[in-house]
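# Per-entry structural report
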Amino acid sequence: MEEYTVATIQVNLISGRSIQQGVAIEGGKEKPAYRTAAGIIELDPSDLKKLGAWKSTNVRVTSDYGNVVVKAIETTQGPHPGLAFIPMGPWANTIINPNTYSTGMPTFKGTPVKVDVAINEPVLLGIELVQKSCGVK
Amino acid sequence: MSEYVIKNGHVFDPVQGIKGDKADVAIKDGKIVTNAGPGAKVIDATGKTVMAGAVEIHAHIAGPKVNLGRIYRPEDKLFTCTPTRGMERMGGGNSIPTTFKTGYEYAKMGYTTAMEAAMPPLFSRHVHEEIRDTPIIDEGAFPVFGNNWFVMEYLKNHEIENTAAYCAWLLRATKGYAIKVVNPGGTEAWAWGLNCLSINDPVPYFDITPAEIVKGLIEANEYLGLPHSMHIHPNNLGNPGNYTTTLDTLKLAEGFQAKNKFGREQVMHLTHTQFHSYGGTNWGDFESKAKEVMDYVNANKNITVDTGNVTLDETTTMTADGPFEHHLTELNHLKWANCDVELETCAGIVPYIYSPSISVCAIQWAIGLELALMAKDPMRCFITTDHPNAGPFTRYPRVMKWLMSAKAREAQINAFKHKDKVLSQTSLGTLDREISLYELAQMTRAGPAKSLGLASICGGLKPGMDADIAIYNINPDMPIANPEDIEKAFTRAACVFKSGVEVVRDGEIVSNGHKRTLWVNAKVKENPQVMRDINEKFLKYYSVTQANYEALGHHFVPNPYAIEVDAVQ
Amino acid sequence: MTKTVTDVICPFCGTLCDDLEVVVSDDGKQLLEVYNACVIGTEKFLHSQSKDRVTRPRLHQPDGTWKEISYDDAVEYTAQMLAKAKKPLMYGWSSTNCEAQSVGNEIAEMARACCDNTAAVCHGTTLIAVQDIGIPSCTLGEIKNRADRIIFWGCNPAHAHPRHMSRYSIFPRGFFTGKGQMSRKMVVVDPRVTDTAKMADVHLQIEQGRDYELLNALRVALNNEWLPDVVAGIPKEKIREVADMMKSGRFGIIFFGMGVTQSLSKNHNIDEAIALTKHLNEFTKFSIMPMRGHYNVTGSGEVFAWQFGFPYSVDLTRGFARYNPGDTSSVDLLIRGELDAMFTIGSDPGAHFPISAVKHIANLPSVCIDPHLTPTSGVSKLHVPVAFNGVETGGNCYRMDNVPIDCRKVVEPPEGMLTDEQFLIKVRDRLKQLKGAA
């Protein structure tokens with residue numbers, strides 16, 4: 001296995017809808033299209049450069065609450081240096097801030113994360129990811 | 001179906017002119033019959049008062065603004081929740097009860113029919129869903145017409161036939177009951193942040209006046225011969241000095257005669273008159289003009305009114321008079337909700353506290369009572385609180401106590417911080433009239449039923465009418481020791497029948513009955529122009545398609561009662 | 001031969017488009033084409049026809065496989081689970097019709113459950129703010145006909161409500177807005193240059209999470225008072241420009257979404273947005289409207305409210321309704337481990353709740369009612385597929401502006417499949433027996 005020396009970047013993570021995610025969920029969350037739509041992190045080109053990664057590389061995103069492997073892609077709704085976007089779904093929800101601070105609402109928008117290249121790690125399919133995290137066969 | 005005979009009660013029935021005589025009332029197959037069959041179950045009403053079930057002519061109990069009120073006031077549920085118990089689903093809410101609680105509370109007071117006062121046509125499905133989920137009582141809903149784009153465009157050119165055709169179409173599309181008008185023209189102006197405060201203020205762009213809208217809708221109503229008259233919440237609600245606008249509005253009915261096959265004699269029903277009987281020029285010199293208003297109403301037989309009594313509670317105001325609600329939130333700084341409805345109307349909501357320590361609230365309380373006490377014809381003046389605007393409907397027994405007992409009124413006046421203002425700014429202190437049980441039956445049963453065009457169906461105990469009956473623990477032969485007994489007796493009826501089914505016994509719900517949704521199906525001759533106008537507006541201006549607007553499937557109105565009107569001329 | 005069903009309502013998002021046309025086979029069993037829907041709505045209709053649909057309930061086995069069971073057995077499992085539980089949660093409701101929601105409420109009342117809908121992770125904080133400060137709003141047709149100032153704050157309709165701008169908010173030629181898009185000025189507030197922002201006259205690329213400050217600064221600008229040089233990453237000149245633009249309109253609207261409901265200040269953001277709207281009414285007519293996500297989350301809130309008195313996060317465990325977001329809301333209940341059963345319908349908490357909450361679902365007796373395979377069905381013990389609401393069965397739904405529209409049935413569901421309502425009625429009747437008739 002090759003080892004790269006690449007930088008870890010720190011970014012602010014938000015999560016939300018995308019039209020591809022909408023189409024994918026209606027097509028079935030067990031399908032690869034869901035992973036393609038929502039198992040991604042959209043980064044600003046400047047952040048990708050700092051990371052030292054090519055576009056469409058798998059990365060590990062880590063927060064105080066967990067970590068997940070997703071595919072890093074260059075944002076199509078930028079520029080937004082310092083900000084990262086993972087579409088709503090189980091990949092994002094593995095790492096966003098679950099605290100509701102007594103409002104009932106988790107903090108889906110605004111979680112500090114670090115991103116590392118994880119070129120040989122696979123991105124799991126949606127249902128698979130959740131089952132694995134929950135220890136369900 | 002079951003047979004019952006209510007024996008030996010003191011009957012008060014204005015339809016048959018029975019003023020407290022002991023009489024039996026027999027029920028068979030949902031109707032009142034002349035004689036009881038041998039197998040009839042006996043209900044002993046000895047020493048009790050027997051009346052027809054009461055008829056609520058105007059309350060906000062079902063629909064989008066009512067529900068927004070529930071949603072945005074969780075505090076209204078504090079200490080008011082009732083658990084699931086026996087027949088009853090759980091309930092909650094004081095000024096805006098949940099739908100199950102609404103039905104139970106009305107029924108327990110002996111109310112058997114209620115009219116939802118304002119239905120925004122675009123939201124008629126919502127109104128009907130809530131009506132369906134309100135147990136026991138028959139209900140109908142009034143779609144609003146006074147700020148409707150079709151109505152304003154037709155009436156600008158005085159096209160009565162077209163207006164009537166549109167009204168008939170809308171009543172059918174929304175399963176509505178009557179032509180309701182709220183702040184005519186002013187609510188359309190409010191979509192631009194403006195208002196119409198007098199009957200001659202033109203509506204922005206549409207360039208028609210409230211007077212023209214009101215007169216046109218009276219004409220359309222009589223052209224169709226609908227069971228109820230045009231039902232109006234006039235312009236300038238709630239402002240000191242507004243009684244002049246009210247008199248101007250009442251005068252618009254002059255010269256019109258009721259035309260219908262339902263026994264209705266009025267062409268205009270003016271609602272929650274208390275809010276429209278204000279004198280003075282500001283809150284400092286605020287005074288009652290109830291006498292001026294009732295002098296006019298008493299002298300003009302083609303008008304009916306309801307009172308809109310203030311109950312001195314914390315409550316929630318909600319009305320299609322959008323600009324008024326904005327004005328109110330600027331006054332009391334309590335949370336304000338608003339929803340403008342495309343082409344049709346608006347709704348506004350603001351909580352309000354009628355505190356007995358505030359002189360204005362005390363005067364408002366007095367005005368509501370003055371109106372009823374000054375009414376010469378109890379068949380034309382009905383008791384309401386414009387629920388929940390002036391107070392929750394659950395306070396009706398308290399209002400009845402104040403009307404029936406001068407002693408109770410005096411006690412309340414003496415309890416006011418500003419008693420002197422109540423006495424100087426109103427004439428309540430000079431009125432010692434006490435409404436009798438017979439008059440109460442007129443003002444809460446026979447009168448509203450007749451005004452609604454339902455005189456042959458409810459509001460009375462004449463054989464052939466629906467067996468909607470309430471029995472109260474009041475013995476007319478015994479003088480009332482304590483006015484609180486009046487309130488207590490009317491709060492929980494001893495027994496209530498709805499369409500011949502016993503629904504309340506000793507103040508408890510024992511059956512949900514088979515409630516009906518009352519609506520009016522008016523047939524007019526085909527009007528291609530109106531249909532084209534409707535098609536066009538849906539295509540261009542509405543945000544839903546015509547087919548989706550019109551679809552009111554059976555699941556919304558599971559037990560409809562259509563009143564047929566033939567207006568093909 | 002085919003026939004075309006018109007005026008079809010799309011059951012995806014709160015835009016609730018009702019102008020779809022669906023071509024079906026003559027026998028009403030096959031759905032062939034969809035017109036006028038966005039890509040998401042089209043996918044929903046067409047995917048309902050896919051051959052790999054699950055059509056019968058399935059019970060998760062210890063070895064990880066699924067065993068197909070009958071609907072009757074599924075009813076029994078569900079009713080037993082709810083009867084035995086002391087504090088079950090009945091969650092979701094947003095992708096089903098009001099008739100089903102109402103039956104669900106009967107069940108929740110009998111089972112003394114907590115019940116909640118997807119507002120819990122969407123516009124719940126909006127509801128909290130509305131309960132504090134009220135809400136001046138309007139129907140979408142008013143926007144179409146009157147609005148000339150459109151603000152999208154913390155939302156991205158180009159992606160989440162794709163036909164919103166063409167049906168209601170930017171492009172339509174309404175009665176007083178005959179020039180369509182030319183009649184309107186559009187402002188977008190978003191930390192990213194979203195596809196919606198690219199269309200705006202002004203894009204305020206706000207520092208993420210600083211919406212409260214910017215909303216408040218706009219109010220200061222309305223009062224013509226002093227502002228610091230930069231607020232939330234936006235220069236004061238820009239703030240004043242936008243404030244003036246808003247004031248100078250005839251009818252303005254703020255549409256808002258998750259950018260403000262889900263970032264750290266949550267309900268306080270919405271409070272300030274509504275305060276700004278109310279403040280603007282001193283100068284001109286202004287309204288505000290939440291961009292509701294699911295096509296019938298609004299309906300669930302309405303039905304909860306008229307039956308129980310509260311719009312979401314309702315606790316019926318004591319036999320009467322209680323409401324306290326943060327205490328009675330789904331994510332908190334799960335994470336604190338307070339529940340002993342989970343019933344999910346018309347939603348996917350497995351995908352959309354934080355994973356720490358989903359782990360609890362996986363450890364509880366759980367039922368998931370959903371036509372699709374989802375992360376929730378993947379961690380629930382019982383998965384019950386049902387007909388697609390709005391495609392294979394009709395029923396009433398409420399749009400984001402609270403307008404009720406009755407969805408249509410376009411095709412027959414697969415042979416033998418039940419609708420939500422039918423399944424729930426069976427569960428209710430069985431639960432009534434188990435609890436002893438009242």
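Parameters and conventions
- Residues numbered from 1 in each chain as written.
- Chains lettered and ligands numbered in written order.
- Predicted model: local features only at pLDDT ≥ 70, side-chain atom pairs only at ≥ 80, totals over all residues.
- Helix = DSSP H or I, 4+ residues; strand = E, 2+ residues; numbered from the N terminus.
- Rg over C-alpha atoms; globule rule 2.2 N^0.38 Å.
- Contact = placed C-beta atoms within 7 Å.
- Buried ≥ 20, exposed ≤ 12 C-beta atoms within 10 Å, placed from the backbone.
- Nonpolar A, V, L, I, M, F, W, Y, C, P; charged D, E, K, R; others polar.
- Pairing = 2+ DSSP bridges.
- Domains from an automatic or database assignment.
- Axes fitted to C-alpha atoms, helices over the stretch in contact; angles between N-to-C directions.
- pLDDT = per-residue confidence, 0-100.
- Parallel < 35°, antiparallel > 145°, perpendicular 65-115°, else oblique.
- Expected span 1.5 Å × (residues − 1).
- Arc of directions from axis to C-beta.
- Left-handed = near helix turned anticlockwise from the far one by under 90°.

### Let's talk about the overall build of chain A
Along the backbone of chain A there are five helices and six strands. When the helices and strands of chain A are listed from N to C terminus, the series reads β-α-α-β-α-β-β-β-α-β-α. For 137 residues, the compact-globule estimate of 2.2 N^0.38 gives 14 Å, and the C-alpha radius of gyration of chain A, at 14 Å, lies within 12% of that figure. Judged by the C-alpha coordinates and their principal axes, chain A covers about 35 × 35 × 30 Å. Within chain A, contacts between residues separated by at least 24 positions form 75% of all contacts whose residues are at least 6 apart in sequence.

### Some details on the overall build of chain B
The helix and strand inventory of chain B stands at 18 helices and 24 strands. Taking 25 Å as the expected radius of gyration for a compact globule of 569 residues, we find that chain B reaches 22 Å, a close match to that expectation. Based on the C-alpha atoms only, the size of chain B along its principal axes is roughly 65 × 55 × 45 Å. Here chain B holds 569 residues, and the buried ones make up 64% of them. Long-range pairs, those at least 24 residues apart, make up 77% of the contacts in chain B with a sequence separation of at least 6.

### A look at the interface of chain C and chain B
Between chain C and chain B, the residue contacts involve 52 residues of the former and 49 residues of the latter. Of all the secondary structure elements, the ones that give two or more residues to the side of chain C that touches chain B are α3 (98-111), α4 (124-133), β8 (134-138), α5 (140-146), α12 (297-308) and β22 (404-407) of chain C. Residues of the side of chain C that touches chain B, tallied by class, amount to 23 nonpolar, 15 polar and 14 charged. Across five bridges, the pairing between strand β16 (residues 336-341) of chain B and β8 of chain C is parallel. When the sheet's bridge partners are listed, Cys339 of chain B is paired in β8 of chain C with Ser137 of chain C.

### Structural notes on the environment of His326 of chain B
All names here are of chain B. Structurally, the position occupied by His326 is in helix α10 (residues 322-332). For His326, a count of 21 C-beta atoms within 10 Å corresponds to the buried category. Between the alpha carbons of His326 and Val350 there is a distance of 8.3 Å; along the sequence they are 24 residues apart.

### Structural notes on the domain arrangement of chain B
The accessible area lost on association of the parts is a frequent measure of interface size. Residues and elements named next belong to chain B. Parsing chain B into structural domains produces domain 1 (3-51 + 458-509) and domain 2 (54-85 + 113-313 + 355-451). With centres defined by C-alpha atoms, the gap from domain 1 to domain 2 works out at 29 Å. Taken together, the contact pairs 22 residues of domain 1 with 23 residues of domain 2. Breaking the side of domain 1 that touches domain 2 down by element, the ones donating at least two residues are β1 (3-13), β2 (18-28), β5 (49-52) and α16 (484-491). The dominant element in the side of domain 1 that touches domain 2, judged by the number of residues it contributes, is α16, at four residues. When grouped by side-chain class, the residues that make up the side of domain 1 that touches domain 2 number twelve nonpolar, five polar and five charged.

### So, the sheet that holds strand β14 (residues 251-256) of chain C
Each strand in a sheet pairs with another by means of backbone hydrogen bonds, the pair being arranged parallel or else antiparallel. All names here are of chain C. Pairing is parallel across the open sheet formed by five strands, whose spatial order is β11-β10-β9-β14-β15. Of all the strands in the sheet, just β11 (202-204) and β15 (285-290) have a single pairing partner and so form its edges. Taking the axes of each pair of neighbouring strands and ignoring which way they run, one obtains an average angle of 15 degrees across the sheet. Sheet analysis places strand β9 (residues 149-153) next to strand β10 (residues 185-189), joined by five bridges and oriented parallel. Counterpart to Ile150 in the pairing with β10 is Met186.

### With respect to the interface of chain A and chain C
Between chain A and chain C, the contact holds 46 residues from the first and 55 residues from the second. For the side of chain A that touches chain C, the secondary-structure elements that each account for two or more residues are β1 (9-16), α1 (19-27), β5 (83-87), α4 (90-93) and α5 (126-134) of chain A. Ranked by the residues each element gives to the side of chain A that touches chain C, the list is headed by α5 of chain A, at six residues.

### A closer look at the confidence of the model for chain B
Predicted confidence across chain B gives a mean pLDDT of 97, with 100% of residues reaching 70 or more. Interface predicted TM-score (ipTM) for the complex: 0.97; the corresponding pTM is 0.97.

### Remarks on the packing of helix α4 (residues 149-156) of chain B against helix α7 (residues 210-224) of chain B
Residues and elements named next belong to chain B. Between α4 and α7, the least distance of the axes is 10 Å, while the angle of their chain directions is 90 degrees. Considering their axes alone, α4 and α7 lie roughly perpendicular with respect to each other. On the side of α4, the interface is formed by Val151, Met152 and Leu155, while α7 contributes Glu212, Ile213, Gly216 and Leu217. Each residue belonging to the contact of α4 with α7 can be placed in one class, and the counts come to five nonpolar, one polar and one charged.

### So, unusual backbone geometry
In the segment running from Gly78 of chain A into Pro79 of chain A, the intervening peptide bond is cis, with an omega of 10 degrees. Here Pro79 of chain A is to be found in the loop between β4 (66-74) and β5. If you check the backbone angles, Ile136 of chain B has positive phi at about 75 degrees while not being a glycine. A count of 26 C-beta atoms within 10 Å places Ile136 of chain B in the buried class. Positive phi outside glycine occurs at His333 of chain B, with the angle close to 60 degrees. One can find His333 of chain B in the loop between α10 and β16.

### Quick look at helix α2 (residues 71-84) of chain C
All names here are of chain C. Spanning 14 residues, α2 covers 20 Å between terminal C-alpha atoms, matching the ideal 20 Å at 1.5 Å per step. Listed as buried for α2 are Ala74, Val75, Thr78, Ala79, Met81 and Leu82. For α2, the arc enclosing every buried residue in end-on projection is 160 degrees, short of the 170-degree limit, so these residues lie on one face. Looking at the buried side of α2, the elements it contacts are β6 (88-92), α3, β18 (341-345), β19 (366-369), β20 (382-384) and α17 (420-435).

### Things to note about the sheet that holds strand β15 (residues 314-319) of chain B
Strand order in the open sheet formed by four strands is β15(B)-β17(B)-β16(B)-β8(C), with mixed pairing between adjacent strands. Among the strands making up the open sheet, the edge pair consists of β15 of chain B together with β8 of chain C. Between one strand axis and the next, the sheet turns through 10 degrees on average, direction left out of account. Across the sheet, helix α1 (residues 64-72) of chain B lies against β15, β16 and β17 (345-353) of chain B together with β8 of chain C, angled at about 40 degrees from β17 of chain B, the strand it touches most.

### What to know about the environment of Lys156 of chain B
Residues and elements named next belong to chain B. You can see Lys156 is positioned in helix α4. For Lys156, a count of 16 C-beta atoms within 10 Å puts it in the partly exposed group. Distance from Lys156 to Phe206, taken between C-alpha atoms, is 7.9 Å for residues 50 residues apart in sequence. In this structure Lys156 touches Phe206, Asp207 and Ile208, once residues within four positions along its chain are discounted.

### Some details on the arrangement of the chains
There are two pairs of chains in contact here, and the one with the most contacts is chains A and C. Here chain A and chain B are not in contact; the least distance found between their C-alpha atoms is 15 Å.

### Concerning the pairing of β16 of chain B
All names here are of chain B. The element β16 is largely enclosed, with a buried count of six among its six residues. Where β16 meets β17, five bridges bridge the pair, whose relative direction is antiparallel. By the bridge assignment, Asp340 is partnered in β17 with Cys346. Linking two consecutive strands that pair antiparallel, namely β16 and β17, is a turn of three residues; a positive phi of about 65 degrees is found at Leu343 within it.

### Considering the packing of helix α5 (residues 160-174) of chain B against helix α17 (residues 528-540) of chain B
All names here are of chain B. Packing of α5 against α17 brings their axes to within 9 Å, and their N-to-C directions diverge by 60 degrees. Relative to α17, the element α5 lies oblique. The element α5 and its partner α17 pack so that their crossing is right-handed. Residues Asn162, Ala165, Tyr166 and Trp169 of α5 touch α17, and the partners they reach there are Gln529, Val530 and Ile534.

### Regarding α5 of chain A
The complete set of buried residues in α5 of chain A reads Gly126, Ile127, Leu129, Val130, Gln131 and Ser133 of chain A. On the buried face of α5 of chain A, the contacting elements are α2 (32-38) and α4 of chain A together with α14 (349-352), α15 (355-363) and α16 (375-379) of chain C. Just beyond α5 of chain A, the residue with positive phi is Gly135 of chain A, at close to 70 degrees.

### Here we look at the environment of Glu502 of chain B
Residues and elements named next belong to chain B. Relative to the elements of secondary structure, Glu502 occurs in strand β21 (residues 501-505). Classification of Glu502 as partly exposed rests on a count of 19 C-beta atoms within 10 Å. Beyond its immediate stretch of four places on either side in the chain, Glu502 contacts Cys495, Phe497, Val510 and Ser511.

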